[in-house]
Structures are given as C-alpha cells and as structure tokens.
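# A look at the structure
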Amino acid sequence: MLSSGLTLIFSMMGVLNFAHASFYMLGAYVAYSLVGVVGFWPALLLAPVIVGMMGAGFERLALRRVHKFGHVPELLITFGLSYVVLELVQLVWGRTAVPFTPPALLEGSALTVVSHAQQGMSLVLGKASPEICAAATNCSTFPATKAFMMLVALLMLLALWLLLTRTRVGLIIQASLTHPEMVEALGHNVPRVLMLVFGSGCALAALAGVIGGITIVTEPNMAAFIGAIIFVAVVVGGIGSLTGAFVGSIVVGLLQTLPLTINGSLATFLTHMGFTVTASTPGYPLLRLTMAEVAPILPYLLMVLILIFRPKGLLGTRED
C-alpha cells in the first residue's frame, strides 16, 4: 500500500519522496484522533483526505519552489520534512504508543485453518469453536485486520490502474510529466495537476497508516520502522512502475517471512552435502547463521543485486 503511493508520486512527478513514511504515520495519528469524535469508519475516509491536503499544501508552498533546482534539493526538503513531522507528532501525541485499536468488525479472526490427523485441513470462517479446535491437531487463525489490509491493498492497486490507464484524468496526469507544454496549451493547469498527484500519493500513504496503525502499532517510530523497506520494494519492482511496486512488495514480503520458518544454515546445508564444517572452517561465523537470523537483511541484499544486474528493477521502465 505504501509503495503504490510512493510510485505514483515518482512516476508522475519524478520526485522520490523521503517523507512518504511520515505521511503514513500522520494518517494513523490523525485517524486515532478522529475515532473518538466520528468513529472508525468515517475516520478511515477522513484521515487520508486531511493528510492528502497537508501533502498538497507542502507541495504548493515548499516542494514546488525547489523543483526547478533539480532532484537533490527535492530529496533534501522531503528528508527535512520527515524530521519536522516526527517532532510535531511527538509534541502533539507524545513519545509512547497510543491505544489505537481496531473496530469491533475487525477484531478477532477472519478465518481459522483447522488441521486433522486423518481428515486433512479445512477452513472455518471467523474463529472456530473451542470444541472444533479441541478435536483438531492444530488450529491457526488469520487476523481480520490483516485480511482487511489485503483487501484494501488489492482495491487500491486496481483503482490506481484503472485511473491511470482507463480515464481521461489519468491521461492528463501522465502527459503532465512527459509533455507539460502541450498539456498547458490544451488548457490544463499543470502545477495544479502535480499538486493533486502529490497530495493523492500522501493520501494513499495515510490510508495505509490508518490500517497499519490498528494492525501493528501507532507510535512515533512507525515511520522509521517501515520507511526503509518501502524504498527496497520500489527499487526491486522498478522505480516508476505501479505493477513493479506490487511485485516488489510481494517479493520483499516473502523474503521477510518465509526464511523465518527455516532453522537451517549454510553450515547445515554443506554438512548434508557431505562437507565437514567445524569452528575452524574459514567463514564459520557466517556459515552458522540460520536463515531466520539473516531474514531481515535479505531484502537489502536483493536490492543490491538488482542495482548491480538490473538497475531499472524487475518491471521498471524509466531510464532517467
């Protein structure tokens, strides 16, 4: 969800927004404040709109002024904005996590996987009864908040794809980056279009923040926790490619989770292959590391390989 908003801003404006994760954090905190007034579901809609307006205002008052000087000033001003947002969040909401809990509809489990020794595996919508789990060999639940996150992410991807490829608005947005003079000659306000694009990307980040806030945690470090991995997903998929952002996010997600289930290491693998691995073997401290231990750095290693062998990413198209 975050990488789609970041990709939208870069592909349409050529701006790599370092403060993107900060808008994600703002979405969570703004929604948390609105929940007590209007409830969760209206807050889910209002928070992205409010944060999107903040992003549009930042583009109009600050980012647009440095755009003519190139990419480095753009990176610096968005990098500085991330620090300003962090300090403001800590000033308004404090330095500790806030109790942002999901609504009643999203509490509990979306489905339960029930395993039987002889009958195999079956799915139960919602939470299985204690009697069913008592008779099974294993009961695994899937949280409703994560199911909701998956649904919204897929709907977001579909909506962006339809907007950019099947509507006149999407045509104007794409043409504003590649042929701004022609778009202005046709009577469109290109700066306003780019401002709306930047605000829309920030709104998408805020929407991800609302759902991430109720699913994970809402705290001032939530932007730093997820900020770096967003850029990894975008680089792996291909900077500027919406489909690449989706594929890159899936690949990075799998690299972060699947190795956690593997306790083996390179030393274990070499031993199974017939080699003798002992403490005196060169590189033994690295060979003995399990896949679960190295899982956090695997996405970054993949990014390095992508930058070396395919700099434009898996599905990237931009050459500049």
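Look a little higher up for the structure.
This section reports on the structure supplied with the text. Computed from a prediction, not measured in an experiment: that's the story for all the values here. (Residues numbered from 1 in each chain as written. Predicted model: local features only at pLDDT ≥ 70, side-chain atom pairs only at ≥ 80, totals over all residues. Heavy atoms only, no water.)

## Focus on the overall build of the chain
Along the chain, the regular secondary structure elements total 15 helices and three strands. Seen along its three principal axes, the alpha-carbon backbone of the chain occupies a region of about 70 × 55 × 40 Å. With 320 residues in all, the chain has 42% of them scored as buried. Looking at the chain alone, contacts between residues at least 24 apart form 71% of all its contacts between residues at least 6 apart. For the chain, the exposed surface amounts to about 17,600 Å²; the carbon and sulfur share of it is 69%. When the 14 positive and 11 negative side-chain charges of the chain are each reduced to one mean point, those points stand 5 Å apart. (Helix = DSSP H or I, 4+ residues; strand = E, 2+ residues; numbered from the N terminus. Buried < 20%, exposed > 50% of the residue type's maximum accessible area, 1.4 Å probe, protein only. Contact = heavy atoms within 4.5 Å. Areas by Shrake-Rupley, 256 points an atom, 1.4 Å probe, with all protein chains shown as cover. Lys, Arg positive; Asp, Glu negative; His and termini not counted. Charge placed at Lys NZ, Arg CZ, Asp CG, Glu CD.)

## Thoughts on the layout of surface pockets
Picture a little ball the size of a water molecule; that probe, rolled over the atoms, points out where space is still empty. Each pocket or cavity is described by its volume, and for the largest pocket that value is around 1,400 Å³. Forming the boundary of the largest pocket are 35 residues, of which Met1, Met149, Ser249, Gly253 and Gln256 lie nearest the centre. Listing elements by their share of the lining of the largest pocket, those giving two or more residues are helix H1 (2-13), helix H6 (144-166), helix H9 (190-215), helix H10 (222-237) and helix H11 (242-257). Split by residue class, the lining of the largest pocket holds 26 nonpolar, eight polar and one charged. Considering only enclosed or pocket space, the second largest pocket measures out at about 360 Å³ in volume. Lining the second largest pocket are 19 residues, and of these Phe18, Ala21, Ser82, Ala223 and Ala224 sit closest to its centre. Secondary structure elements with two or more residues in the lining of the second largest pocket: helix H2 (20-38), helix H4 (71-93) and H10. (1 Å grid on protein atoms, 1.4 Å probe; cavity = no way out; pocket = protein on both sides within 12 Å on 5 of 7 lines; lining within 4 Å. Points joined across faces, edges and corners; volume = space filled by probe spheres on them. Nonpolar A, V, L, I, M, F, W, Y, C, P; charged D, E, K, R; others polar.)

## A few points about the packing of aromatic side chains
Enumeration according to the criterion identifies ten aromatic pairs in this entry. Taken together, a centroid distance of 5.0 Å and an interplanar angle of 80° make the contact between Phe40 and Trp41 edge-to-face. Here Phe40 falls in the buried class, since its relative accessible area comes to 7%. The exposure class of Trp41 is partly exposed, given its relative accessible area of 37%. Considering the side-chain rings of Phe40 and Phe100, the 6.5 Å spacing of their centres and the 50° angle between planes classify their relative orientation as tilted. In this pair, Phe40 sits in helix H3 (residues 40-66) while Phe100 sits in the loop between H4 and strand S1 (109-116), placing the two residues 60 residues apart along the sequence. The structure contains a cluster of three or more aromatic residues connected by ring pairs, namely Tyr32, Phe40, Trp41, Phe100 and Phe148. (Phe/Tyr/Trp six-rings, centres within 6.5 Å; stacked < 30°, edge-to-face > 60°.)

## Re the sheet that holds strand S2 (residues 120-125)
An order of S2-S1-S3 is seen for the three strands of this open sheet, with the pairing classed as antiparallel. Only two strands of the sheet have a single neighbouring strand rather than two, namely S2 and strand S3 (138-143). Between one strand axis and the next, the sheet turns through 20° on average, direction left out of account. Set on the sheet, H6 makes contact with S1 and S3; between it and S3 the angle comes to about 50°. (Pairing = 2+ DSSP bridges. Axes fitted to C-alpha atoms, helices over the stretch in contact; angles between N-to-C directions.)

## Some remarks on the pairing of S2
Along S2, only zero of the six residues are buried, which leaves the element largely exposed. Sheet topology note: the S1/S2 ladder contains six bridges and is antiparallel. Of the residues in S2, the one forming a bridge with Ser115 is Met121.

## Overview of a nonpolar patch on the surface
A contiguous nonpolar patch, built from Val37, Val38, Leu46, Ile50 and Met54 and spanning about 410 Å² of accessible area, is present on the exposed surface. Of all elements in the fold, only H2 and H3 reach the threshold of two or more residues within the nonpolar patch. Here the nonpolar patch gets three residues from one element, more than from any other, and that element is H3. Its place among the elements puts Met54 in helix H3. (Patch = residues over 30% accessible without salt bridge, like charges linked within 9 Å, V, L, I, M, F, W, Y side chains within 5 Å. Salt bridge = Lys/Arg side-chain N within 4 Å of Asp/Glu carboxyl O.)

## Considering H6
An ideal rise of 1.5 Å per residue puts 33 Å on 23 residues; H6 measures up with 32 Å between its terminal C-alpha atoms. When we look at burial in H6, the residues that qualify are Ala144, Thr145, Phe148, Val152, Met156, Leu160 and Leu164. (Expected span 1.5 Å × (residues − 1).)

## Looking at the environment of Glu181
Inspection of the secondary structure assignment puts Glu181 in helix H8 (residues 180-185). With relative accessibility at 60%, the residue Glu181 sits in the exposed group.

## With respect to the environment of Leu266
With respect to the secondary-structure elements, Leu266 resides in helix H12 (residues 266-272). Sequence separation between Leu266 and Val277 is eleven residues; the distance between their C-alpha atoms is 9.6 Å. Sequence-distant contacts of Leu266, defined by excluding residues within four places in its chain, comprise Leu287 and Leu289.

## Re the side chain of Ser4
Looking at the secondary structure, you find Ser4 in helix H1. For Ser4, a relative accessible area of 8% corresponds to the buried category. At a separation of 2.7 Å, a polar atom in the side chain of Ser4 contacts the main-chain carbonyl oxygen of Met1. Non-local contacts of Ser4, meaning those with residues more than four positions away in its chain, are made with Met156, Leu160 and Leu242. (Polar contact = N/O pair within 3.5 Å; in protein donor to acceptor, adjacent residues only side chain to side chain.)

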